[in-house]
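# An overview of the molecular structure
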Amino acid sequence: MHLGEVPGMADIAERRLIRVLLLLPSLSPGGSERTIISVANHLDRSRFDVHLATMTGTGWWTDRVAEDVSLHQLQASREIVGLWPLRQLICRIQPDVILSAAMRLNVALQAMRGILPSGIRFIVREGNLLSLKLLETRRPGLWRRLVSLLYPRADRIIAQCDAMAQDLTTTAGIDPRRIVRIYNPVDVASIDRLAGTGENPFGRDRPGRSILAVGSFKAQKGFPRLLRAFAARPPWLAEANLWILGDGELRASLQALAASLGIADRVHLPGIEANPFVWMRHADLFVLCSHYEGLPNALLEAIACRCPVVALDSPGGTREIMKVCGLPGRLVSKLDWEPCFFDTEGLNEARSRVE
């Protein structure tokens, strides 16, 4: 989607720079945050005046924001507390376009349109598979109704894959003509630069294969089933080590599960890594084990690093992106640890499709 496709944008673009405000709840280490930062950093400065605002905190990825992006950190204790300062910011900078990138923020912003300056074009980006994400909220029925009522007020709705677009229509009754599918951008040049820094994080003297997974320690990511599959690995992988980069509320339970399965000495949870790409560059295999995904950024980034990958089939964009990247044979219904998963065949072509 080009901003010229949003009603009214072409006329503004002919007169001056288009002022764009990108909105995030925070700059925490998540896929949506990396995507929006990448968009902010790469918008054409000859056409756009770029602003990025966050509702809470300074965030993990602050140093990833380009210096010529105007960064506004509202420092609210909670998102809802930051809505009035957000209105004041919008009134002050007078953006032409606002792109918001989280369900609660999307809903709140569309509800506020009556008290915001007129003439702003609104784009909302859905961050995950709505039907399953709603099940993780306290009041899924209420949020479904709010999305159904308020998302259609936006000028455009971005879905990360065709499966997400269909899910928005099925779950919230949104007119598919208002939805545009845009795959997440992958900053291959930046990934190459970061992947080439530092030494092998797995250590040169550690025997066995290094298997890597990346993600927040929450139920969606499916790490318990990865641990169980790793515990049942075949003898030829007995010396392998499993590394899971990330953190979250399930850390203690994952550690307890690894201990109960007798694999605690082979499972490593280093925490959140500012540069996961050097890990992907040196890993023998990257595993995606999520129960569902909008579009799995970590999988795309591993492919960009030419790391052998395998992904468990699940609702959302995983199947779609594996097909687009020409890797359907690495999409599995069960982790059986086939030797072919560790092959590098086809990775250069897959990376070119990511680019």
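Cut-off values and rules
- Residues numbered from 1 in each chain as written.
- Predicted model: local features only at pLDDT ≥ 70, side-chain atom pairs only at ≥ 80, totals over all residues.
- Heavy atoms only, no water.
- Helix = DSSP H or I, 4+ residues; strand = E, 2+ residues; numbered from the N terminus.
- Rg over C-alpha atoms; globule rule 2.2 N^0.38 Å.
- Buried < 20%, exposed > 50% of the residue type's maximum accessible area, 1.4 Å probe, protein only.
- Contact = heavy atoms within 4.5 Å.
- Arc of directions from axis to C-beta.
- Pairing = 2+ DSSP bridges.
- Axes fitted to C-alpha atoms, helices over the stretch in contact; angles between N-to-C directions.
- Phe/Tyr/Trp six-rings, centres within 6.5 Å; stacked < 30°, edge-to-face > 60°.
- Lys NZ or Arg CZ within 6 Å of the ring centre and 35° of its normal.
- Salt bridge = Lys/Arg side-chain N within 4 Å of Asp/Glu carboxyl O.

## A short note on the overall build of the chain
Scanning the chain from N- to C-terminus turns up 14 helices and 13 strands. Its C-alpha atoms give the chain a radius of gyration of 21 Å, within 12% of the compact-globule value 20 Å for 355 residues. Buried positions account for 53% of the 355 residues belonging to the chain. Here the analysis covers contacts within the chain between residues at least 6 apart in sequence; of these, 69% occur between residues at least 24 apart.

## Here we look at helix α6 (residues 140-150)
If you check which residues of α6 are buried, you get Trp 143, Val 147 and Leu 150. Down the axis of α6, the sector holding all buried residues measures 90°, keeping them to one side. Across α6 from its buried face, at more than 90 degrees, point the exposed residues Arg 145 and Leu 149. Next to the buried residues of α6 lie α4 (103-111), α5 (130-133) and α7 (162-172).

## Quick notes on the sheet that holds strand β3 (residues 70-73)
If you trace the seven strands from one edge of the open sheet to the other, you get β3-β2-β1-β4-β5-β6-β7, paired in parallel fashion. Sheet topology places β3 and β7 (179-181) at the edges, where each strand pairs with a single neighbour. Averaged over all adjacent pairs, the angle separating strand axes in this sheet is 20°, with direction ignored. Pairing geometry for strand β4 (residues 97-100) and strand β5 (residues 121-125), over four bridges, is parallel. Note on β5: the bridge partner recorded for Leu 99 is Ile 123. The strands touched by helix α3 (residues 83-93) are β1 (18-24), β2 (48-54), β3 and β4; relative to β1, the strand with the most contacts, the crossing angle is about 170°. With respect to the sheet, α4 is in contact with β1, β4 and β5, its orientation differing from that of β5 by roughly 160°.

## Digging into the packing of aromatic side chains
Evaluated as defined, the whole model comprises five aromatic pairs. With a centroid separation of 5.3 Å and 85° between ring planes, the pair formed by Phe 202 and Trp 279 is classed as edge-to-face. Taken together, the residues Phe 202 in the loop between α8 (188-195) and β8 (210-214) and Trp 279 in helix α11 (residues 276-282) connect sequence positions 77 residues apart. Trp 279 shares its class with Phe 202; the two are buried. Cluster of aromatic residues (ring-pair linked, three or more members): Phe 202, Trp 243 and Trp 279. Directly above the ring of Tyr 183 sits Arg 181, whose terminal nitrogen or CZ lies 4.2 Å from the centroid. Of note, Arg 209 hangs over the ring of Phe 342, and the distance from its end group to the ring centre comes to 4.6 Å.

## Points about the pattern of salt bridges
Pairing is possible between side chains of opposite charge, provided their charged atoms come close. Evaluation of the coordinates by the stated rule reveals 14 salt bridges. The residue Arg 16 makes a salt bridge to Asp 96 at a minimum N-O spacing of 2.7 Å. Separated by 80 residues along the polypeptide, Arg 16 in the loop between α1 (9-15) and β1 and Asp 96 in the loop between α3 and β4 bring together distant segments of the chain. Overall, the relative accessible area of 42% leaves Arg 16 in the partly exposed class.

## Things to note about helix α9 (residues 223-231)
Listing the buried residues of α9 in full gives Phe 223, Leu 226, Leu 227, Ala 229 and Phe 230. Buried residues in α9, looked at end-on, bunch into an arc of 165°, giving them a common side.

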